[in-house]
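Here is how the chains run, residue by residue.
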Amino acid sequence: VLAPGLVTLRFHNPSIAKQTLAGQFVNVLPKAGFGDPMLRRPFSVYWTDGDEAEIIVQAHGRGTGILAEAREGEELDILGPLGKPWMYKSADFETAILLIGGVGVASMPMLTRALELEEISFQTFYGARTASLIARDRLSNLHIATDDGSEGFHGSNVMLLRSFLEKGTLESPKIFACGPTAMMRAAQSLAAEFGIPCELSLETEMACGIGICQGCPVRNEDSVFEQTGRRFRLVCTEGPSFNAEEIVL
């Protein structure tokens, strides 16, 4: 158990464990061979180690409830790795800002490890309702913000990040954000205000995960639509990470 309501689920799959890059996800059926629930659930890959991989599960429905109660030896039906990874190897920044809200933490340990291996400077701004909900395992350089003031900054992680940006203490930053939509919109706005690059990893329902069901569209910003003629992109195949200035939340 990482935090109240959050559990880690570790599974053996050499292919997924060895191929997954930070920011990619898997699509999971709660039980292999079962028809109920029928649709897969997407989960960011939380960690990989040898031939094993981990996801974090928040039980809030039938499918996630079944997954959260999975026991050693049970088989899962898992498709992955899917989606595009975080674009952390771009040359447009020097300091990575990991902006985390709630269960948006899911892909951040993998990104943390990747940044450390590439020797890229980074700082982590993690916001939650209260201190007990913070899943801090495998994260580094943490700045905590809580809505109730129980730990760290009393307020949102975006407000906390704003104070750092105003001081100019972060060298050529880029934001990597994942969390609730309201937080992502605030990150998008903050990045535009300060003129810094920002990448958003979107959380949405993805029944197929491979672009067939067309169930996970995100709206392109008008300039992208004018250039491409496409009003929407699919989160599962063209994301889940997008440049903030290119999409409408």
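Right above here is the structure, for reference.
Note that the structure is a prediction, hence the values are computed from the model and not measured.

Participant: Would you explain the sheet that holds strand β15 (residues 241-243) in this entry?
Facilitator: In a beta sheet, neighbouring strands pair by backbone hydrogen bonds and run either parallel or antiparallel. Spatial strand order, β10-β9-β8-β7-β11-β12-β15: 7 strands in an open sheet with mixed pairing. The open sheet has two edge strands, β10 (153-154) and β15, and neither has a second partner. One ladder, built from 3 bridges, connects strand β12 (residues 198-201) with β15; its direction is antiparallel. Residue Leu200 lies in a different strand from β15, and its bridge partner there is Phe242. Where helix α3 (residues 108-117) meets the sheet, its contacts fall on β7 (95-101), β8 (121-128) and β11 (173-178), and the angle it forms with β7 comes to roughly 170°.

Participant: In this structure, what is going on with the packing of aromatic side chains? I would like to understand it.
Facilitator: The way to describe two aromatic rings as a pair is by their centre distance and the angle between their planes. What the rule picks out here adds up to 3 aromatic pairs. Here the aromatic rings of Phe93 and Phe176 are separated by 5.6 Å at their centres, their planes lie at 70°, and the arrangement is edge-to-face. Taken together, the positions of Phe93 in the loop between β6 (77-82) and β7 and Phe176 in strand β11 put the pair 83 residues apart, joining distant regions of the chain. Judged by its relative accessible area of 0%, Phe176 is buried. Here Phe125 and Phe164 contribute two aromatic rings whose centre-to-centre distance is 5.0 Å and whose plane-to-plane angle is 85°, an arrangement assigned as edge-to-face.

Reading guide: rules and limits
- Residues numbered from 1 in each chain as written.
- Predicted model: local features only at pLDDT ≥ 70, side-chain atom pairs only at ≥ 80, totals over all residues.
- Heavy atoms only, no water.
- Pairing = 2+ DSSP bridges.
- Helix = DSSP H or I, 4+ residues; strand = E, 2+ residues; numbered from the N terminus.
- Contact = heavy atoms within 4.5 Å.
- Axes fitted to C-alpha atoms, helices over the stretch in contact; angles between N-to-C directions.
- Phe/Tyr/Trp six-rings, centres within 6.5 Å; stacked < 30°, edge-to-face > 60°.
- Buried < 20%, exposed > 50% of the residue type's maximum accessible area, 1.4 Å probe, protein only.

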